[in-house]
Amino acid sequence: MAKYLAQIVVMGVQVVGRAFARALQQEYAASQAAARARGRSGQQSAAASSITGMSLQEAQQILNVSTLSPEEIQKNYEHLFKVNEKSVGGSFYLQSKVVRAKERLDEELNIQKEENQKSQQNPET
């Protein structure tokens, strides 16, 4: 009886192990395909996210901007920074999040600016 029970357990573990290995392979392949689709700008953006510790989407949500326009970013940054000043009863934590979000969006604007300059220097035919 114990022998059969052990065989069932071993077979179950093998089935789950194979399923897990297949899922891992599929996830890796999907990740590689997404990385190729993003291209070089995606790599730079990912690097900026890892340096600042904040994704582009998170930074846009914090500063309440939908497009990357420097004027809108600066306006929202100044407002949120003043509102969250400690001297007026604001939160230092939120103020630091606002600063980090602006840094992240500024980095993204720099990446886009570099890409535009490169594309103007090397027009594709």
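Now for a look at the structure at hand. Remember, predicted model here, so these are calculated numbers, not experimental data. (Residues numbered from 1 in each chain as written. Predicted model: local features only at pLDDT ≥ 70, side-chain atom pairs only at ≥ 80, totals over all residues. Heavy atoms only, no water.)

For the coordinates displayed, the defined rule picks out one aromatic pair. With 5.6 Å between their ring centres and 35 degrees between their planes, tyrosine 77 and phenylalanine 81 make a pair best called tilted. On the criterion of helical spacing, the pair formed by tyrosine 77 and phenylalanine 81 is a turn pair, its members being four residues apart in helix α3 (residues 70-83). (Phe/Tyr/Trp six-rings, centres within 6.5 Å; stacked < 30°, edge-to-face > 60°. Helix = DSSP H or I, 4+ residues; strand = E, 2+ residues; numbered from the N terminus.)

A turn of α-helix holds 3.6 residues, and therefore any two residues three or four places apart point the same way. Three or more residues of helix α2 (residues 56-63) are buried, namely Leu56, Ala59, Gln60 and Leu63. An end-on view of α2 places all buried positions within 100 degrees of arc, on one side of the element. Opposite the buried face of α2, at more than 90 degrees from it, the exposed residues are Gln57 and Gln61. Downstream of α2 by one or two residues, asparagine 64 has phi in the positive range, about 55 degrees. (Buried < 20%, exposed > 50% of the residue type's maximum accessible area, 1.4 Å probe, protein only. Arc of directions from axis to C-beta.)

What follows deals with helix α4 (residues 92-121). Here α4 is 30 residues long and its end C-alpha atoms lie 43 Å apart, about the 44 Å a rise of 1.5 Å per residue gives. Within the sequence span of α4, burial applies to Gln95, Val98, Ala101, Lys102, Arg104, Leu105, Glu108, Leu109 and Ile111. N-capping of α4 is provided by serine 91, with a side-chain oxygen placed 3.3 Å from the backbone N of tyrosine 93. (Expected span 1.5 Å × (residues − 1). Polar contact = N/O pair within 3.5 Å; in protein donor to acceptor, adjacent residues only side chain to side chain.)

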